[in-house]
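If you want the building blocks of each chain, they are given just below.
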Amino acid sequence: MNTTRTASRAWRASAALLLTNLLLAACGGGGGGSGGFPGLAAAPAPAPAPQGTQTPATTQDETTPAITTQPSDTTIGQGVAAALKVQTVHATAYQWQRSADGGASWTDVPGANGDRFITGANQLADSGHQLRVRVTGNNGSVTSRAATLTVRRATTAA
């Protein structure tokens, strides 16, 4: 019985020594800076942070304009102005355009140079026209999807 106790104590002492060495190696401790295991170098300390302020380099994707909210199809009554808007990132300029032929050709709308565009009073003949916006930024431009304008006949009270 005495041999069993001695073997058990020896096993526990070896396991404790191994765990201690693993713990010291994991935290970089131990004598001599070797991490606790002969032949196993401790990980080098991280380099100090550079002094001063550094601006990370920006990629083209981080400065290319993008449309995050497209203009919506709009239904209004005859003689009423329509309001369209778009949300963007990295935009420096806007130009709204109108198409009266189903998108085959587009014409710039004079003075419509913001993220919001309010049309003049629309007539029945304007129904079916499409509106879109061209957004420009430092690294290119992008065009929104076309929003269709629907003008309903004004109802009169009888």
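Residues numbered from 1 in each chain as written. Predicted model: local features only at pLDDT ≥ 70, side-chain atom pairs only at ≥ 80, totals over all residues. Heavy atoms only, no water.

### Things to note about the packing of aromatic side chains
Point 1. Taken as a whole, this structure holds one aromatic pair when the rule is applied.
Point 2. On the basis of an interplanar angle of 25° and a centroid distance of 5.7 Å, the ring pair of Trp 96 and Phe 117 is categorised as stacked. Placement of the pair is Trp 96 in strand β5 (residues 93-99) and Phe 117 in strand β7 (residues 116-118), with a sequence separation of 21 residues. We note that Trp 96, like Phe 117, is buried. (Phe/Tyr/Trp six-rings, centres within 6.5 Å; stacked < 30°, edge-to-face > 60°. Helix = DSSP H or I, 4+ residues; strand = E, 2+ residues; numbered from the N terminus. Buried < 20%, exposed > 50% of the residue type's maximum accessible area, 1.4 Å probe, protein only.)

### Details of the pairing of strand β10 (residues 147-152)
Point 1. Of the two faces of β10, only the one carrying Ala 147, Leu 149 and Val 151 is buried; Thr 148, Thr 150 and Arg 152 on the other face are not.
Point 2. Examined bridge by bridge, strand β2 (residues 74-77) and β10 share four bridges and lie parallel to one another. Within β10, the position partnered with Thr 75 by the bridge is Thr 150.
Point 3. In this sheet, β10 lies alongside strand β8 (residues 130-137) in antiparallel orientation, the contact comprising two bridges. Across the sheet, Leu 131 pairs through a bridge with Ala 147, a residue of β10. (Pairing = 2+ DSSP bridges.)

### Points about the nonpolar core
Point 1. One finds Ile 67, Leu 84, Val 86, Tyr 94, Trp 96, Val 109, Ala 112, Phe 117, Leu 131, Val 133, Val 135 and Ala 147 forming the largest nonpolar core, which totals twelve residues.
Point 2. Those elements giving two or more residues to this core turn out to be β5 and β8.
Point 3. Broken down by element, the residue count for this core peaks at three residues, all from β8. (Core = buried A, V, L, I, M, F, W, Y, C linked by side-chain atoms within 4.5 Å.)

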